[in-house]
Protein chains: 2
Amino acid sequence: LRSELGRHQVLLPDDGLERYERSVLGDATGRAAFVARPTSTAEVRAVVRWAYRHRVRLVPQSANSGLVHGGIPDGSGTMGVLSLELCKERLEVDRLGRTLTASAGYDLDWLNDHLRGDGLMLPVDVGSSPGVGGMVATNTGGTKVIGYGDVRRLTLGLEVVLADEDATVIDMLGGLRKNNTGLDLKQLFVATGGTYGVVTAATFELVPRPKQVATAWVVVKDDDAAFGLLQLLEADAGEFLTSFESMSGAVLELRRRHNPDLRLPFPAGSLPDLAILVELSSATPPDLGGLSMEELLVGVLDRGAARGHVVDAFLGRPEEMWALRHGIDEPAKEGVAFWVDVSLPRANIAVFRTRLFALAGTRHRDWTVLDLGHYGDGGLHVGLLYPFSRGRPPDPEEAEAFRLGVYELVAEHGGTFSAEHGIGPYNERYYRRFKDPAVQRLSGELKQLFDPRGILGVVNLGP
Amino acid sequence: LRSELGRHQVLLPDDGLERYERSVLGDATGRAAFVARPTSTAEVRAVVRWAYRHRVRLVPQSANSGLVHGGIPDGSGTMGVLSLELCKERLEVDRLGRTLTASAGYDLDWLNDHLRGDGLMLPVDVGSSPGVGGMVATNTGGTKVIGYGDVRRLTLGLEVVLADEDATVIDMLGGLRKNNTGLDLKQLFVATGGTYGVVTAATFELVPRPKQVATAWVVVKDDDAAFGLLQLLEADAGEFLTSFESMSGAVLELRRRHNPDLRLPFPAGSLPDLAILVELSSATPPDLGGLSMEELLVGVLDRGAARGHVVDAFLGRPEEMWALRHGIDEPAKEGVAFWVDVSLPRANIAVFRTRLFALAGTRHRDWTVLDLGHYGDGGLHVGLLYPFSRGRPPDPEEAEAFRLGVYELVAEHGGTFSAEHGIGPYNERYYRRFKDPAVQRLSGELKQLFDPRGILGVVNLGP
């Protein structure tokens, strides 16, 4: 492989591979036989052809920011990491088409800095800066999905390399918004963790950067009030709603305890049981058409108050408002935390949360339930915290039972055990349990078509 | 089959099957051995199981409004039509979730009437009222795609019946906006013309009905000016832009000639070479946040005029403005018309049109080129009109050569030969010519997985 790619593009264990082997949260570590770092699609093909010939398993990785361990090798020491971090061959902004074509190695923050001058952005907002390849392979969600959709919706084109004998390249790049010519093959490579092919480049739809943003933390009595407010916002300000995020009192309390300098918008000494971060954004400048985001937000919140949905509301500068929502790392300071990433039909979130707290209260009294999420699109991150103060580590079986209990509740209410983090070793066993067996079977049969020797990816989507 | 479904649900040739055999435009007619009309998913399964057992080919059909003949049987007289028109088992509106679940037999206009009371709509706008099954199978586009996306984007869930021995039902219904659990299998049944499975129900995302709409016909000097205006609109009024439709002078002239009562917005006696229908819509009422759609549209058009993009503009009531755009049937009054449905990257539309007219002017002088379309999303309908006034029918070979020439130009400019009508016998040979052979091969292999006996659909997506 070194003779094909060059010495510096193939790293061996002696070169220090830790950053390719370890998950970003440090909760999993694999062992790689090597790390191949191609710089172009042609070099990706060379790696894949070589791996096919020698039946060596590869795990594609771009920014290694995934949360389900789908981008790091397993513990066998026999897999290679196919790092796409140097793949930066293509970078084209089509201003008139409002599209971006970028190789797999570019990362979100870099791209958005690059697009700033044109007044455009790739509207994905997560707590990290994933690579193009990884965003496609996990179908990244985040805090703006209600406004702009997920990565699947934003993906107008892809280039992929299949793990067949020729390492066939399928070029589906391009910025067409209408293209109904039979099978939309690119959809198969979105959210499938790089197991059907290596994503080497993507064309994304871009949106104008907002010229007006209004942000508020809203205190609501309960979930019913929160969703009442959401319905009001969608009915009267739907085009502008870019975030509708929830945070429970337990999470707020943790944040306050560990961040004395964090400015809380709420009156001193009081923390709500449930608070909602609402953001309205518009590309329309205030001097056109009379539009004021702040006035609109205040108007809808007033209507919400009149109907009893809103207890109190605090408008402020977006950076300050978001500071409370981003960068939550306090749970790990107080104990061992397990997080799950679920989603539900909006109409079932209230009853799901009630039952979740009841489950914890009756069967897992030692655990604290933390939850925050994306009410607008039904996404919820549930954290299970076992405090250090108990003086002993959590019982792994009980932790597992709790996690499974959460997923069962989710399934019972029409939801899913993976909303936006994708499938990886972290949740593969639940895939096996909750994904429709017929779809698992078909997923395995597709794998045969794209990757007959089964060399790509660390997760098995077959039964 | 009659013993399973009941006598009245299976029609035979003596019952008169014309409306199931004939395309909506009357430009193609097939011959059906029978028409099966199941009323439920269970009955669809019974039909499919029966057809599997007897190796009888079926073509799924809902409202039979397709334009590429993908929903009518071929001429063999051996296929059955699997009509979904009576499949109305499910109809659920989830107001909080802003979703609709409906069986394949409901049609667009009926659904939108049904949703009106809740202030919601399924934002698909085409010149007909397709069924749920057909909208999914062709991934219907239309005049509002720039604002709301195509049917694929609006599809949150599907139920399909596979043509395997068991007639396996895959239930992927539900209104989840985030759901990253590996393969998103439903994507395979969108735009594939019912050849991978029978779509029996879908869950769609709904949007609030607009409370303000501003509509204008805008006269522009040329394509560059049109796209300059589009960029201005997207930069300053992007959230509101629901239509940006083009119509060429030749089409306007035809419309005027045959519709003396049609009110044209342009000054008497003058018709522009190129006119754009712009529509801005908002769910926000005028009494909230100061927003006025009309003021905003006027503001952006003023800016456009200052930059030389806008020659003249005429605001008016939406119904009146759209009357000029909808229901175009004049070409058939003047000759034999062939229409193609293409799309291009926006940046290439201007050069494509220049070359299209040059091609017609040099090699096909007897033909008139008509074009209108969806500039906002790159879609273009090109009509080739051979006038009766020539006194003889068009030479079929020349017609074919012209059509192929258009597609070749499109391909050369990064476009596609089917934008929103899908693939059917009408354009299957071009699929064979222009679709990536690797994707054709994979499409054929997928067919094997879903429909091993090859009994579903009238079109073959394999090589």
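This structure is a prediction, so every number in the text was calculated from the model and none was measured. (Residues numbered from 1 in each chain as written. Chains lettered and ligands numbered in written order. Predicted model: local features only at pLDDT ≥ 70, side-chain atom pairs only at ≥ 80, totals over all residues. Heavy atoms only, no water.)

Asker: Is there a simple way to explain the overall build of chain A in this structure?
Answerer: A count of helices and strands for chain A gives 16 helices and 18 strands. Taking 463 residues into account, the globule formula puts the C-alpha radius of gyration at 23 Å, and chain A, at 23 Å, falls close to it. Dimensions of chain A along its principal axes, counting C-alpha atoms only, are 70 × 60 × 45 Å. For chain A, the proportion of its 463 residues judged to be buried stands at 61%. Across chain A, every contact between residues at least 6 apart in sequence was considered, and the portion connecting residues at least 24 apart equals 72%. (Helix = DSSP H or I, 4+ residues; strand = E, 2+ residues; numbered from the N terminus. Rg over C-alpha atoms; globule rule 2.2 N^0.38 Å. Buried < 20%, exposed > 50% of the residue type's maximum accessible area, 1.4 Å probe, protein only. Contact = heavy atoms within 4.5 Å.)

Asker: Help me understand the pairing of strand E9 (residues 169-172) of chain B in this model?
Answerer: On any regular strand, side chains alternate: one points to one face of the sheet, the next to the other face. All names here are of chain B. Of the two faces of E9, the one holding Ile-170 and Met-172 is buried and the one holding Val-169 and Asp-171 is not buried anywhere. Relative to E9, strand E8 (residues 155-161) is paired through four bridges, and the arrangement is antiparallel. Paired with Leu-158 across the bridge in E9 is Met-172. (Pairing = 2+ DSSP bridges.)

Asker: Would you take a moment to explain the sheet that holds strand E2 (residues 32-36) of chain B for this structure?
Answerer: Think of a sheet as strands paired side by side through backbone hydrogen bonds, with each pair either parallel or antiparallel. Residues and elements named next belong to chain B. Here four strands make up an open sheet; going across it, the order is E1-E2-E4-E3 and the pairing mixed. The sheet is open, and its two edges are formed by strand E1 (10-11) and strand E3 (58-61), each paired on a single side. When E3 meets strand E4 (residues 79-83), the two strands line up parallel, connected through four bridges. Residue Pro-60 lies in a different strand from E4, and its bridge partner there is Leu-82.

Asker: How should the relation of the copies chain A and chain B be read in this particular structure?
Answerer: A rotation about an axis combined with a shift along that same axis relates the two copies of the chain. Once turned by 180° and shifted 0.0 Å along the axis, chain A lies on chain B with an RMSD of 0.0 Å. Taken together, the rotation and translation describe the operation of a two-fold axis. (Least-squares fit on C-alpha atoms with pLDDT ≥ 70 in both.)

Asker: Help me understand the interface of chain A and chain B in this model?
Answerer: Interface size is commonly expressed as the accessible area that is lost once the parts come together. Across the contact, 91 residues belong to chain A and 91 residues belong to chain B. Of the roughly 7100 Å² buried at the junction of chain A and chain B (both faces included), carbon and sulfur atoms supply 56%. When the buried area of chain A at its contact with chain B is split by residue, Leu-96, Lys-178 and Asn-180 of chain A rank highest and sum to 13% of it. Summed over the shared surface of chain A and chain B, the result is 14 salt bridges. In this structure, Asp-287 of chain B and Arg-303 of chain A form a salt bridge, with 3.1 Å as the shortest nitrogen-oxygen distance. (Buried area = accessible area lost by both parts, 1.4 Å probe. Salt bridge = Lys/Arg side-chain N within 4 Å of Asp/Glu carboxyl O.)

Asker: Would you mind going over the packing of aromatic side chains with me for this structure?
Answerer: Here a ring pair, both rings aromatic, is described through the centre-centre distance and the interplanar angle of the planes. Tallied over the entire structure, the rule returns 29 aromatic pairs over all chains. Look at Phe-34 of chain A and Trp-50 of chain A: their rings are 5.5 Å apart centre to centre, the planes differ by 90°, and that puts the pair in the edge-to-face class. Of this pair, Phe-34 of chain A sits in strand E2 (residues 32-36) while Trp-50 of chain A sits in helix H3 (residues 41-54), placing them 16 residues apart in sequence. Look at Trp-50 of chain A and you get buried, because its relative accessible area is 16%. When the centroid spacing of 5.1 Å and the interplanar angle of 35° are considered together, the rings of Tyr-106 of chain B and Trp-110 of chain B count as tilted. Taken together, Phe-338, Trp-367, Tyr-386 and Phe-402 of chain A form an aromatic cluster joined through their ring pairs. Over the aromatic face of Tyr-106 of chain B sits the side chain of Lys-88 of chain B, whose NZ or CZ is 5.5 Å from the ring centroid. Across the ring face of Tyr-426 of chain B, the terminal group of Arg-403 of chain B is positioned such that the distance to the ring centre comes to 4.1 Å. (Phe/Tyr/Trp six-rings, centres within 6.5 Å; stacked < 30°, edge-to-face > 60°. Lys NZ or Arg CZ within 6 Å of the ring centre and 35° of its normal.)

Asker: Help me understand the side chain of Ser-65 of chain B, please; the structure alone is not making it clear to me.
Answerer: Residues and elements named next belong to chain B. Mapping Ser-65 onto the fold places it in the loop between E3 and E4. With a relative accessible area of 18%, Ser-65 lands in the buried category. Apart from residues no more than four positions distant in its own chain, Ser-65 is found in contact with Val-24, Ser-128, Ser-129 and Pro-130.

Asker: What exactly am I supposed to notice about the pairing of strand E17 (residues 368-374) of chain B here?
Answerer: Residues and elements named next belong to chain B. The element E17 is extensively covered by neighbouring structure, given that six of its seven residues are classed as buried. In the sheet, strand E13 (residues 241-248) pairs with E17 via two bridges, with the strands oriented antiparallel. Counterpart to Ser-246 in the pairing with E17 is Gly-373. Turn length for the E17-strand E18 (residues 379-387) hairpin, with the two strands adjacent in sequence and antiparallel, is four residues, and the turn residue Gly-378 shows positive phi of about 80°.

Asker: Just to check I follow, could you spell out helix H14 (residues 396-412) of chain A for this structure?
Answerer: Helical geometry note: an α-helix holds 3.6 residues per turn, so side chains three or four residues apart project in the same direction. Residue and element names in this part refer to chain A. For H14, which comprises 17 residues, the first-to-last C-alpha distance of 24 Å matches the rise-based estimate of 24 Å (1.5 Å per residue) to within 8%. In this fold, the buried residues of H14 make contact with strand E16 (335-343), helix H13 (349-363), strand E17 (368-374), strand E18 (379-387) and helix H15 (428-434). Looking at where H14 begins, the residue whose side-chain oxygen comes 2.9 Å from the main-chain nitrogen of Glu-397 is Asp-395. (Expected span 1.5 Å × (residues − 1). Polar contact = N/O pair within 3.5 Å; in protein donor to acceptor, adjacent residues only side chain to side chain.)

Asker: I would appreciate a short explanation of the sheet that holds strand E10 (residues 198-205) of chain A in the present structure.
Answerer: All names here are of chain A. The five strands are arranged E5-E6-E10-E8-E9 in an open sheet whose pairing can be described as antiparallel. Each edge of the open sheet carries a strand with a single partner, namely strand E5 (91-94) and strand E9 (169-172). In this sheet, adjacent strand axes meet at a mean angle of 10° when their direction is disregarded. As paired strands, E5 and strand E6 (residues 99-103) are joined by four bridges and run antiparallel to one another. Considered in E6, the bridge of Val-93 is made with Leu-100. Taken strand by strand, helix H4 (residues 108-116) contacts E5 and E6, and its axis lies near 45° from that of E5. (Axes fitted to C-alpha atoms, helices over the stretch in contact; angles between N-to-C directions.)

Asker: I'm lost on unusual backbone geometry in this one. Help?
Answerer: Keep in mind that most residues, glycine aside, have a negative phi and that most peptide bonds are trans. Residues and elements named next belong to chain A. One non-glycine residue with positive phi stands out, namely Ala-167, at about 50°. Within the secondary structure, Ala-167 is located in the loop between strand E8 (155-161) and E9. Among the residues examined, Ala-167 registers a relative accessible area of 0% and is labelled buried.

Asker: Is there a simple way to explain a nonpolar patch on the surface in this structure?
Answerer: A cluster of nonpolar side chains, contributed by Val-24, Leu-25 and Leu-67 of chain A, occupies part of the molecular surface with about 260 Å² of accessible area. By the secondary structure assignment, Leu-25 of chain A is in the loop between helix H2 (18-21) and E2. (Patch = residues over 30% accessible without salt bridge, like charges linked within 9 Å, V, L, I, M, F, W, Y side chains within 5 Å. Areas by Shrake-Rupley, 256 points an atom, 1.4 Å probe, with all protein chains shown as cover.)

Asker: What should I look at first to understand helix H8 (residues 223-237) of chain A in this one?
Answerer: Residue and element names in this part refer to chain A. Between its first and last C-alpha atoms H8 spans 20 Å; for 15 residues at 1.5 Å apiece the expected length is 21 Å, and the two agree. Counting buried residues in H8 gives 12 out of 15 residues, a clear majority hidden from the surface. Turning to H8, its buried residues are Asp-223, Ala-225, Ala-226, Phe-227, Gly-228, Leu-229, Leu-230, Leu-232, Leu-233, Glu-234, Asp-236 and Ala-237. Capping of H8 at its N-terminal end is provided by Asp-222; its side-chain oxygen lies 3.3 Å from the backbone amide nitrogen of Asp-224.

Asker: Explanation requested: the side chain of Asp-164 of chain B in the structure shown.
Answerer: Tracing the backbone shows Asp-164 of chain B in the loop between E8 and E9. Arg-441 of chain A provides the closest opposite charge to the buried, salt-bridge-free Asp-164 of chain B, at an N-O distance of 4.3 Å. Setting aside its immediate chain neighbours within four residues, Asp-164 of chain B contacts Arg-441 of chain A together with Tyr-52, Phe-450 and Pro-452 of chain B. (Lys, Arg positive; Asp, Glu negative; His and termini not counted.)

Asker: Honestly, the pattern of salt bridges in this entry has me stumped. Any pointers?
Answerer: A side chain with one charge can pair with a side chain of the opposite charge if their charged atoms come near. This model, assessed by the stated rule, comprises 80 salt bridges over all chains. Its salt-bridge partner being Lys-178 of chain B, residue Asp-377 of chain A comes within 3.4 Å of it at the nearest N-O pair. One end of the pair, Asp-377 of chain A, is in the loop between E17 and E18; the other, Lys-178 of chain B, is in the loop between E9 and strand E10 (198-205), on a second chain. Of the residues examined, Lys-178 of chain B reaches a relative accessible area of 2% and is grouped as buried. Between Asp-113 of chain B and Arg-116 of chain B there is a salt bridge; the shortest N-O distance is 3.3 Å. Here Arg-116 of chain B and Asp-113 of chain B lie together in helix H4 (residues 108-116), a separation of three residues that amounts to about one turn. With relative accessibility at 45%, the residue Arg-116 of chain B sits in the partly exposed group.

That is the geometry; function is a separate question.
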